[in-house]
Amino acid sequence: MHINEKIENMVSSYNSSKLRIALSVIWNLGLVFFIIFLIGFVFVFSIGVGYFASLVDEEPLYTKEEMRKQIFNYEETSEMYFAGNVYIGKVRTDLERKKTTLDQVSPLLIQAVLATEDEFFYEHEGIVPKAVFRGLLQDFTNASTQTGGSTLTQQLIKNQILTNEVSYERKAKELLLALRLEHFMSKDEILEAYLNIIPYGRNASGRNIAGVETAAQGIFGKSASELNLPQAAYIAGIPQAPFSYTPYTQKGQLKNMEGLQPGIERMKVVLYRMKEAGYITEEQYQEAINYDITKDFKDPVIETIRYPYLTFEIERRAKEIMARILAEKDGIDPKRFDEEENLYKKYLILAERDIRSGGYRIHTTIDKGLYDAMNKAAKEFKYYGHTFTKTVIDPETNQEVEVPDPVQVGSILIENKTGRILGFVGGRDFKIIQVNHATQATRSNGSTMKPLLVYGPAIEYGVIGAGSPVVDVKFRYKGWAPTNYNPNEERGIIPAREALAYSQNLTAIRLYDQIVDKRPAELLVKMGFSKLTEADFVNPAAAIGAITNGVTVEENTNAYATFANGGKFIDAYMIEKIEDAEGNIIYQHSSEPVQVFSPEASYIITDMMRDVFQYGTATKARNTLKFSSDFAGKTGTSQNYKDVWLVGYNPNVTLGVWLGYDKNRTLYQFNGTYFQPSVRINLLWATLMNAAYDVKPELIAAKERFQKPKNVVYASFCGISGMAPSKACSNAGLVRSDLFIRKFVPRKVDDSFVSSETRTVKINGETYLALDSTPEEFTYPSNGISLKKEFITKILGRFGGNPDKLLGESILKVVDIKQFNPDQSAPKPVSVTLKGNTLSWSSSPSRDVVGYRVYDLSNGGKKLIASVKSGERLSIPVGKGQYGVAAVDITGLESEIAKTQPIQEPSPKDEKIDQKPPKENGKDKNPPATDPSDGQNQEDPDPNNQEPPDQNAQEPSEENDQP
């Protein structure tokens, strides 16, 4: 009873009351926080579920059969064919795989894989939630250590159905499909499929391998069922970083000990995990980590491919085609590839996977005979140039190695009318560098750009005809001072066809500046130039091939075929069709020609480029050919001779050839042994064309010639201005005839000359051209044959230059003779005086007076007795009588005739009289006449009454005064 009372007292005490209150508050707060947490969790979970649903919303709901088909899709390799169904070989996707079954795999390897990649494989339902959340947390916190979280099922989904794209969308789809796959396949089926598809680095020949059976045979030379514990652990560790842990390089060489160490360390990690998982004992573990695995590696195997450049090129193009087909199947417009790089990469991966295992038959346009002949000729050519060596870092070993650096070659032969690529040369040696120099390497195309960007468009726009004058004069503009191939050469005004044949840089740049506002680079885009930047549309150096990213040999050659096709661009192609395993055609190439140039412009530029082979920079090539045909084309050299080109075509085919070092060295070396670069490219082009001719003479040696369209005409023009011939131009012997588009034949008569028949006048000491109405008695003949200054200013354009270089040793000279704008009103009259036998008059205040006429007005008549040119004198001797003087302006208009009265001679007695006349109202009644000999009357006595001549006045010119 006593104890109960004490307890009751404690409970009812003050302190107990406070404790109860505190506990109650804590409980309520905890309850509130729990509710808030629960609500927040539900909210975040809902958002997560909604986000997850949005990520997988567009993923198709695969059936059981569809998923199993994709998972086991690793059996058939596609095949490639030359034109005419001639077999090339299997598609080399650089992946070798040999199928195996689970019962043919060593249990040690299976245990190693499970311990390393998915310890709870047989317990989970396709995903491990804890691993997924751990991965998300590491991703959100950007943790330096990423442990991953993909099960074997997820990895199988990623490799066979999805892609390696790094995105939440791909991960969400992977989780969903992994859960679904576990319902459609047994665990053993999933494990077997995994062991057949996972990449395992490279084998002893340097090829990429996939599947444990291929890995066991390619690395250790034994079956997967025969692997010992260290070997099984080594193979199981490779998939985490295949190219770091594989023992072989891309060339099939065994790595040095430093390069092998990462794979050995990874093997030890796998062994430790096997021990921790209970698959092996401590004793087995110790024995295995001390095992020398390096002695088991297979000796390198040299494996050659007969057509490496061709095989890889076919594979690359087939993947691009298949990526578009697969995208369209998924309802995606392939045009999005141009803007969405990740989307494009995703479908390339899917396409590669599809081609690798789809059993397709890929038919190409490549003619086996032409391809073999071209590559044999290229291999045997002896004048490429010196082979250097260069130091590079091996990407697998990080070691510096010395490799050859020869002059490389890229060449391609295209059938004009179809766009079919008949053959190509990808490089000197695929083992040195795997870049295809015909289709992938981009370089400056030098002067081969001139017909495409300058002369062709200028003809199309009507700015020039084939022989129109262009300017070959040096200039300096904003610090830029380009030169010709011969840096000291300035040919002045020369015909366009001559400038192109001799590949003059200055003429091309100046002509391009006349048309650049029309954006002719847009024509390059139409012809397939894929890497132009906005700067290339305005940079004047683009006229000579100095564009930002360069062009490929295929692009450059394909563009020249446009001229051969009458201005229609037909995109070159190599894949004719693709058939599936059942023989159904899933792709058939079709061409869509694009009219870039008119047939007229194409013929004219072709005719101009015939001269390149006749007397220009490709005469060596023409002389080396073993056959004749109607060839046109252009050579090109980039700055410092780092690239040399020759692209030539006839009505049937176009052949483009490029030479240069991969390291961008100058080719202008060791010329005593290898000839100059321009000679080498001529010889190689002819060598390849002759090789092709030996195989297909009827195709290569086209018998027909390019036909002139009816709207291409020969027309005469002045060889200096390009305008219709004037009498002055004809007298100077400068009239030429050449090809024009009919509607652009020059119409305006040349007015660039000041000839011996051209008349001039003097106005206030300045020389001006006389008008047709100017009276001949006030004109002067010009001094020889000269060019007008305003014409010189116009033809030199904004770049300017030394006008004395325009005409070279010609008899023509540059003179400063201006045109005068008259005011169309009669001149103001003069004042005249007659003193004794001297008639004097003042200058007319008018600004356009070219001379004065003096009349004898005696006896009421009007007889012209003298014509005095402006600036000569203002007085003449006369006899007794009455005279008058009229000012004459440049148009031939006369002023009113100013008349004079004779002045009486004073008598001797008058000499003593004050000579001052009487004054009226304080002023002289008769002011004395000015003495004509005092010089005061040589100019207007009041300069304010005379306007200065307009120094810039000239006749209005037509907007299109030059074709």
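Residues numbered from 1 in each chain as written. Predicted model: local features only at pLDDT ≥ 70, side-chain atom pairs only at ≥ 80, totals over all residues. Heavy atoms only, no water.

Broken down by element type, the protein chain carries 28 helices and 36 strands. Each of the 963 residues in the protein chain was classed as buried or not, and the buried ones make up 50%. Taking the contacts inside the protein chain whose residues are at least 6 apart along the sequence as the reference set, 71% of them involve residues at least 24 apart. (Helix = DSSP H or I, 4+ residues; strand = E, 2+ residues; numbered from the N terminus. Buried < 20%, exposed > 50% of the residue type's maximum accessible area, 1.4 Å probe, protein only. Contact = heavy atoms within 4.5 Å.)

Read across the open sheet, the three strands follow the order β3-β5-β4; overall the sheet is mixed. Sheet topology places β3 (95–97) and β4 (199–202) at the edges, where each strand pairs with a single neighbour. Strand-to-strand twist in this sheet, taken as the mean axis angle between neighbours without regard to direction, amounts to 30°. (Pairing = 2+ DSSP bridges. Axes fitted to C-alpha atoms, helices over the stretch in contact; angles between N-to-C directions.)

What follows covers helix α13 (residues 282–289). Those residues of α13 lying buried are Tyr285, Ala288 and Ile289. Relative to the axis of α13, the buried residues are bounded by an arc of 90° and lie together on one face. Exposed side chains of α13 directed beyond 90 degrees from the buried face belong to Glu283 and Glu287. Where the residues of α13 are buried, they touch α10 (229–237) and α12 (257–276). (Arc of directions from axis to C-beta.)

Okay, the state of the cysteines next. Joining two cysteines, a disulfide is a covalent bond between their sulfur atoms. Considering all chains together, one arrives at one disulfide under this definition. Each sulfur of the disulfide joining cysteine 718 and cysteine 729 lies 2.4 Å from the other. Because the torsion about its S-S bond is 100°, the bridge between cysteine 718 and cysteine 729 counts as right-handed. Placement of cysteine 718 in strand β20 (residues 712–718) and of cysteine 729 in helix α27 (residues 727–731) is noted, with a sequence separation of 11 residues between them. As far as burial versus exposure is concerned, cysteine 718 and cysteine 729 are alike and both buried. (Disulfide = S-S within 2.5 Å.)

Let us look at the environment of lysine 531. Looking at the element boundaries, lysine 531 is found in the loop between α20 (521–526) and α21 (553–564). Lysine 531 gets classed as partly exposed once you look at its relative accessible area, which sits at 37%. Look past the residues within four positions of lysine 531 in its chain and what remains in contact with it is Thr442, Asp536, Asn549 and Gly550.

Both strand β28 (residues 832–835) and strand β29 (residues 838–841) contribute to a ladder of four bridges, which runs antiparallel. Within the sheet, the bridge partner assigned to leucine 834 lies in β29 and is leucine 839. Connecting β28 to the antiparallel partner β29 that follows it, the hairpin turn spans two residues, and glycine 836 within it adopts a positive phi of roughly 65°. Relative to strand β32 (residues 875–877), β29 is paired through three bridges, and the arrangement is antiparallel. Counterpart to serine 840 in the pairing with β32 is serine 875.

All right, on to the sheet that holds β29 then. Read from one edge to the other, the open sheet built from three strands follows the order β28-β29-β32, with strand pairing classed as antiparallel. A single partner strand is all that each edge strand has here, and the edge strands are β28 and β32. Across the sheet, the mean angle separating the axes of adjacent strands is 15° when strand polarity is ignored.

Before going further, it helps to spend a moment on the pattern of salt bridges. Counted by the stated rule, this structure contains 34 salt bridges. In this structure, aspartate 738 engages arginine 497 in a salt bridge whose closest nitrogen and oxygen atoms are separated by 2.8 Å. Of this pair, aspartate 738 sits in strand β21 (residues 735–741) while arginine 497 is found in helix α18 (residues 496–501), placing the two residues 241 residues apart along the sequence. Across the pair, arginine 497 and aspartate 738 agree in class, each one buried. (Salt bridge = Lys/Arg side-chain N within 4 Å of Asp/Glu carboxyl O.)

Quick look at the packing of helix α14 (residues 308–329) against helix α15 (residues 341–357) now. Any two packed helices are characterised by how steeply their axes cross, that is the angle between the axes, and by the distance between the axes. Running from N to C, α14 and α15 point in directions that differ by 110°, and their axes come no closer than 8 Å. For the element pair α14 / α15, the angle class is roughly perpendicular. As for the relative orientation of α14 and α15, their crossing is right-handed in sense. Along the contact surface, α14 presents Glu315, Ala318, Lys319, Glu320, Met322, Ala323, Leu326 and Ala327, while α15 presents Tyr344, Tyr347, Leu348, Leu350, Ala351, Glu352, Asp354 and Ile355. A per-class count over the contact of α14 with α15 returns 11 nonpolar, no polar and five charged. (Parallel < 35°, antiparallel > 145°, perpendicular 65-115°, else oblique. Left-handed = near helix turned anticlockwise from the far one by under 90°. Nonpolar A, V, L, I, M, F, W, Y, C, P; charged D, E, K, R; others polar.)

A positive phi angle is found at tyrosine 641, which is not glycine, with a value near 60°. With respect to the helices and strands, the residue tyrosine 641 is situated in the loop between β17 (632–637) and β18 (643–649). Phi angles above zero are rare outside glycine, and glutamine 824 is one such case at about 65°. By the element assignment, glutamine 824 lies in the loop between β27 (813–814) and β28.

Its location among the elements puts serine 602 in helix α22 (residues 599–614). Residues serine 602 and glycine 567, 35 residues apart in the sequence, show an inter-C-alpha distance of 5.4 Å. Once you skip the residues sitting within four places of it in the chain, serine 602 turns out to touch Thr562, Phe563, Gly566, Gly567 and Phe597. Separated by 3.0 Å, the side chain of serine 602 and the backbone nitrogen of glycine 567 make a polar contact. (Polar contact = N/O pair within 3.5 Å; in protein donor to acceptor, adjacent residues only side chain to side chain.)

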